[in-house]
Amino acid sequence: MGRTVDRILESIDLKEYMERHGWTLYRIGNCYGCKEHSSVRVFDNNTYFHPGTGENRRLNVINFAEYYYDISNKEAIKMLAKELNDNPSWKRERKPHISKPQSEKKNELVLPQKQSDKYSRVYAYLTKERCLSKSVVTDLFKRHMLYEDVRGNVTFVGYHEGKESFCFQRASNNFVPEGRKRPFTRIIEGSDFSRAWYVDNGSTKLFVTEAIIDSASAMTMFELHGYDPKAYDYVATCGPSRNPVLNYIMSHPQIDTVYLGYDNDTAGKTYRQKTRSELREIGYEGRIVDKIPHTKDFNNDLQVLSNSTFKPENNQNKQISEVQKPLAPERMIPR
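Predicted, not measured: the structure shown is a model, and the values here were computed from it. (Residues numbered from 1 in each chain as written. Predicted model: local features only at pLDDT ≥ 70, side-chain atom pairs only at ≥ 80, totals over all residues. Heavy atoms only, no water.)

Before we move on, can you summarise the pattern of salt bridges with the specific residues and values?
One pass over the structure, following the stated rule, counts nine salt bridges. Between Lys15 and Asp44 there is a salt bridge, with the nearest N and O atoms lying 3.9 Å from each other. A residue pair is termed long-range when its members are at least 10 positions apart, and Lys15 in helix 2 (residues 14–19) and Asp44 in the loop between strand 3 (41–43) and strand 4 (47–49) qualify at 29 residues. Bridged by salt links that share partners, the residues Lys15, Arg27 and Asp44 form one connected network. (Salt bridge = Lys/Arg side-chain N within 4 Å of Asp/Glu carboxyl O. Helix = DSSP H or I, 4+ residues; strand = E, 2+ residues; numbered from the N terminus.)

This is the structure:
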């Protein structure tokens, strides 16, 4: 079986095989996109990546036959072996994919009701308690990525293809309810964890954090040090999965640099290592740069910086001095 598999992978051109099965491929940078499946990327080394299959690894022509005909791995190998012997069986009728029962389908995302008045509680909490800049918070309000719900909660909204796809909430204060270990937080049911929360500014550079508040803190840090926050795209994974980063890279082939701003702890170190490895596995060839916070995360760094006497010069061409390093997280500034 091993020799047969090797012959299949060496002899059958994946792109040609996909095209004669009705998939329209077109060149995107160093890989190919697919008209029928926007998230698919096909590479010149006879492999492809398809997030829709649930696989976060490079796939081959055998995997494609499995998916297309809805057959087992052994059946796909047997079918493709006939292909090698000029006895093509790929023209047989394709088995339809079985739809999930209604009860297993993903629930629709319903956003919490918005406050009809001004968002004063959320604005005050984010700018005073969490030290975000007023311009960053205002911009998120204007882009409908942030609002205050009727209970006064901070509500972050993520979008995908122009539609609300993710929603995270937390209390607009630091009160810890009885029986809880931290203030109220929740992710609204129906949120798409495969994309999570991202900001697409059309940049070639992507800054990755774990929490949304850390992405907003990175925006504020950039602004403080004389950089334009909108010169970068942002992804907050909102959990341990790397899928939001991988999916963003697959759908934004122009990204040439990824900054990994995960937390400065054991979990963050693991996320950085795994994200770096998985980005390479899907064929990403750009720069991957670790941007590690001085404290636990970038919002803590921002609070330390905001409560200190250090005032960064508003000149992006100036280097931060050695004396200022403890207060100014230079490691997060792009280089």
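Which residues make up the sheet that holds strand 7 (residues 163–170), and what are the values?
Taken in spatial order, the four strands line up as 5-6-7-8 in an open sheet, and their pairing is antiparallel. Only two strands of the sheet have a single neighbouring strand rather than two, namely strand 5 (146–148) and strand 8 (185–187). Here the average twist between neighbouring strands, direction ignored, is 25°. Those strands touched by helix 5 (residues 120–129) are strand 5, strand 6 (154–160) and strand 7, and its axis lies near 125° from that of strand 5. (Pairing = 2+ DSSP bridges. Axes fitted to C-alpha atoms, helices over the stretch in contact; angles between N-to-C directions. Contact = heavy atoms within 4.5 Å.)

Give me the layout of surface pockets: which residues, what numbers.
By volume, the largest pocket is sized at about 660 Å³. Along the wall of the largest pocket there are 25 residues; nearest its centre are Phe168, Arg182, Thr185, Ala211 and Ile213. When its residues are assigned to classes, the lining of the largest pocket shows eleven nonpolar, five polar and nine charged. (1 Å grid on protein atoms, 1.4 Å probe; cavity = no way out; pocket = protein on both sides within 12 Å on 5 of 7 lines; lining within 4 Å. Points joined across faces, edges and corners; volume = space filled by probe spheres on them. Nonpolar A, V, L, I, M, F, W, Y, C, P; charged D, E, K, R; others polar.)

Account for unusual backbone geometry, with residues named and values stated.
The phi dihedral of Asn46 falls on the positive side, at around 70°, and the residue is not glycine. Tracing the chain through its elements places Asn46 in the loop between strand 3 and strand 4.

Explain the packing of aromatic side chains to me, and be specific about the residues and the numbers.
In total, this model carries 19 aromatic pairs according to the counting rule given. On the numbers, 5.2 Å between centres and 65° between planes, the contact of Tyr198 with Tyr248 is edge-to-face. Taken together, the residues span a long stretch of sequence, with Tyr198 in strand 9 (residues 197–199) and Tyr248 in helix 8 (residues 243–251) at a distance of 50 residues. As far as burial versus exposure is concerned, Tyr198 and Tyr248 are alike and both buried. Residues Phe207 and Phe222 carry aromatic rings whose centres are separated by 5.7 Å and whose planes lie at 90° to one another, so their mutual orientation is edge-to-face. (Phe/Tyr/Trp six-rings, centres within 6.5 Å; stacked < 30°, edge-to-face > 60°. Buried < 20%, exposed > 50% of the residue type's maximum accessible area, 1.4 Å probe, protein only.)

Explain helix 3 (residues 61–69) residue by residue, including any values.
Of all nine residues making up helix 3, seven are buried, and the element is well covered by its neighbours. Of all the residues in helix 3, the buried ones are Val61, Ile62, Asn63, Phe64, Ala65, Tyr68 and Tyr69. Two or three places before Ile62, at the opening of helix 3, Asn60 has a side-chain oxygen 2.9 Å from that residue's backbone nitrogen. (Polar contact = N/O pair within 3.5 Å; in protein donor to acceptor, adjacent residues only side chain to side chain.)

Outline the pairing of strand 10 (residues 205–209), listing residues and values.
Counting buried residues along strand 10, four of its five residues qualify, which places the element largely inside the surrounding structure. The pairing of strand 10 with strand 12 (residues 257–260) spans four bridges and is parallel. Within strand 12, the residue paired with Val208 across the bridge is Leu260. Since strand 10 and strand 11 (residues 233–236) lie parallel, the crossover through helix 7 (residues 212–224) that links them has a hand, and here it is right-handed. (Right-handed = clockwise from strand over helix to strand, strands pointing away.)

Quick rundown of the sheet that holds strand 3? Include the residues and the values.
Spatially, four strands are ordered 1-2-3-4 in an open sheet, and the strand pairing comes out antiparallel. Pairing within the sheet leaves two strands with one partner each, and these edge strands are strand 1 (25–28) and strand 4. Neighbour to neighbour, the strand axes of the sheet diverge by 30° on average, direction disregarded.

Outline the pairing of strand 11, supporting the account with residue identities and numerical values.
Residue alternation in strand 11 divides its side chains into two sets, Asp233 and Val235 and Tyr234 and Ala236, and both sets are buried. In the sheet, strand 9 pairs with strand 11 via three bridges, with the strands oriented antiparallel. Looking at the pairing, Tyr198 lines up with Val235 of strand 11. Note that strand 10 and strand 11 share four bridges and pair parallel. Residue pairing in the sheet places Thr209 in a bridge with Ala236 of strand 11.

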